[in-house]
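# Coordinate inspection notes
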Amino acid sequence: MREVEMTVPHLFRCPISLDLFTDPVTLCTGQTYDRSSIEKWLAAGNLTCPVTMQKLHDPSLVPNHNLRHLIQQWCQMDHRFGPDYFTAIDPLVSLKHCLQSPQSTFQEKLEALQKIQLLTDQTPSTNPFLIQIGFLPLLLQLSFQMVDPEFSQDYMNFVEQGLTCVLKLLPYGELESLNMLKQDSKLESLVVLFEHGSIIMKQSLCHLVGVISSSSSTRELCAMIGKHPRFLNLIVCIVNQNNEASETGIKAISALCCLESNRGKLVQQGLIDALVTYILNSERSLAAMAMAILEQVLGIERAKEALIKNPNGVKAVVKMVFRVSDHEGSESAVNSLMMVCRESLEAREKAIVAGVLTQLLLLLQSQCNGRTKTKATTLLKLL
């Protein structure tokens, strides 16, 4: 029996029972345990991670499907893996230990994280290994733990690299890990990082919001973000800034609009004025996406009122009806004008002054699809 036990790789043993994992689950600390063992630990009233002794602010158990699959492969291969596997995995386990250990200095953790980022950038084949040993929840925990109020350069570098690694690992991991952000402290950290962080941080957080909004397993978290007025205001404001983060801001807002409840909240935070400003900058590459968002929220009465009230609101939409370069956004623009012009004389007058008749005639003579032409004809009759 002793001989059989010695053949089980350390990575495949539960730290509590020391037996081969049968149902591996990962805590928010990034540490993996067998489900029955950790459930007994929690049922006994323990509120810490057994290995790291960190307090568990979120006791959720996330199934580690990657590790389970790896163990199944190992069992099918008669308890053998090639030497290359352990050559690859051992240094990663050491890096994880460094990041978890209270004895590691901040500089040592920063250096470990730099090595991980280098691996995710230059050797993507190691990403599944990083997932198997629980790096995704650990990196999320480290990135959104207590924020350094001074935002020192080392701290900024640490969070930037942590978020970059998280985004690289998410395609390989379980998105349920993101639900740790439902904790009030973690959600507040996300907002503070977005408010005071670097452009790189803001871009990474926008990408993260996009991932959160795209999965049914994180839909509740998406709704929680939509109920955070300060964050919504920040993400709307970033769209108005003429920098690299504006594009990721538009994508994040588009993702958040997957929930109808988020749309009204975004409108309350000035979304319409931000979209109008974005669209009027003709060189912006995501003008068509901004137009699609505008069409989506115009079902809200307050959004219609805000568009008509904005001195350049109707003008911005008219501009998108026909563009020489492409017809992307034309249908959304025509639909949007129909929504605001149907019941508003003021909107119709503003559209005519902005040159909508010429735009519609040019659109009808273009190579756009038949559905768009039909809608354009209907709008002409309405005007």
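Residues numbered from 1 in each chain as written. Predicted model: local features only at pLDDT ≥ 70, side-chain atom pairs only at ≥ 80, totals over all residues. Heavy atoms only, no water.

### Section: the domain arrangement of the protein
Just so we agree on the cut-off: The split into domains, and so the bounds of each, comes from an automatic or database assignment of domains. Contact definition: two residues touch when any of their heavy atoms are within 4.5 Å. Two parts placed together each lose some accessible area under a 1.4 Å probe, and the buried area is that loss summed for both. A pairing counts as a salt bridge when a side-chain nitrogen of Lys or Arg comes within 4 Å of a carboxyl oxygen of Asp or Glu. What counts as a helix is a DSSP run of H or I of at least four residues, what counts as a strand is a run of E of at least two, and both are numbered from the N terminus.
Under the domain assignment used here, the protein contains domain 1 (10–77) and domain 2 (90–316). Taking the mean C-alpha position of each, domain 1 and domain 2 sit 28 Å from one another. With 18 residues of domain 1 at the contact, the number on the domain 2 side is 17 residues. Taken together, both faces of the contact between domain 1 and domain 2 bury some 1,400 Å²; the carbon and sulfur share is 53%. When the buried surface of domain 1 facing domain 2 is broken down by residue, Cys28, Val62 and Asn66 rank first, second and third, together holding 29% of it. Counting across the interface, domain 1 meets domain 2 through zero salt bridges. Only β3 (62–63) and α3 (65–76) provide two or more residues apiece to the side of domain 1 that touches domain 2.

### Quick notes on the packing of helix α8 (residues 153–169) against helix α10 (residues 199–214)
Note the threshold: Whenever a helix is involved, its axis is fitted only over the stretch in contact; in every case the axis is a line through C-alpha atoms, and angles between N-to-C directions fall within 0 to 180 degrees. Roughly parallel means an angle under 35 degrees; roughly antiparallel, over 145; roughly perpendicular, 65 to 115; everything else is oblique. Less than a right angle of anticlockwise turn of the near helix away from the far helix marks a crossing as left-handed, whereas a clockwise turn marks it as right-handed. In the scheme used here, Gly and all other residues not listed as nonpolar or charged are polar, with Ala, Val, Leu, Ile, Met, Phe, Trp, Tyr, Cys and Pro taken as nonpolar and Asp, Glu, Lys and Arg as charged.
Where α8 meets α10, the axes come as close as 10 Å, and the angle between the chain directions of the two elements is 30°. It follows that α8 is roughly parallel to α10 by the angle criterion. Our pair here, α8 against α10, has a crossing hand that is left-handed. Touching Met156, Val159, Glu160, Leu163, Thr164, Val166 and Leu167 of α8 are Ile200, Met201, Ser204, Leu205, His207 and Leu208, all from α10. Looking at the contact of α8 with α10, its residues break down into nine nonpolar, three polar and one charged.

### Details of the side chain of asparagine 310
Where we set the bar: Only protein chains enter the calculation, and the probe is 1.4 Å; a residue is then buried if its accessible area is under 20% of its type maximum, exposed if over 50%, and partly exposed in between.
Looking at the element boundaries, asparagine 310 is found in the loop between α17 (301–309) and α18 (313–319). You can call asparagine 310 buried: its relative accessible area is 12%.

### A short note on the sheet that holds β3
Selection criterion: Any two strands with at least two DSSP bridges between them are considered paired.
In spatial order, the strands read β2-β1-β3; together these three strands make up an open sheet with antiparallel pairing. Looking at the sheet topology across the chains shown, the edges are occupied by β2 (32–34) and β3. By the bridge criterion, three bridges tie strand β1 (residues 24–26) to β2 in an arrangement that is antiparallel. The residue bridging threonine 26 from the neighbouring strand is threonine 32, located in β2. In the packing of helix α2 (residues 35–43) onto the sheet, the strands contacted are β1, β2 and β3, and the crossing angle to β2 comes to about 95°.

### Details of the pattern of salt bridges
Close approach of charged atoms allows side chains of opposite charge to pair. The full count for this structure, using the stated rule, is ten salt bridges. Linking arginine 35 and glutamate 39 is a salt bridge whose minimum nitrogen-to-oxygen distance equals 3.8 Å. Note that arginine 35 and glutamate 39 are positioned in helix α2 at a spacing of four residues, about one turn of the helix. On the basis of relative accessibility, which here comes to 38%, the residue glutamate 39 falls in the partly exposed class. One salt bridge connects arginine 371 with glutamate 331, and the closest N-O pair in it is separated by 2.6 Å. Here arginine 371 is found in helix α22 (residues 370–382), whereas its partner glutamate 331 is found in helix α19 (residues 330–341), with 40 residues between them in sequence. Members of the salt-bridge network, linked through shared partners, are Asp23, Arg35, Glu39 and Arg68.

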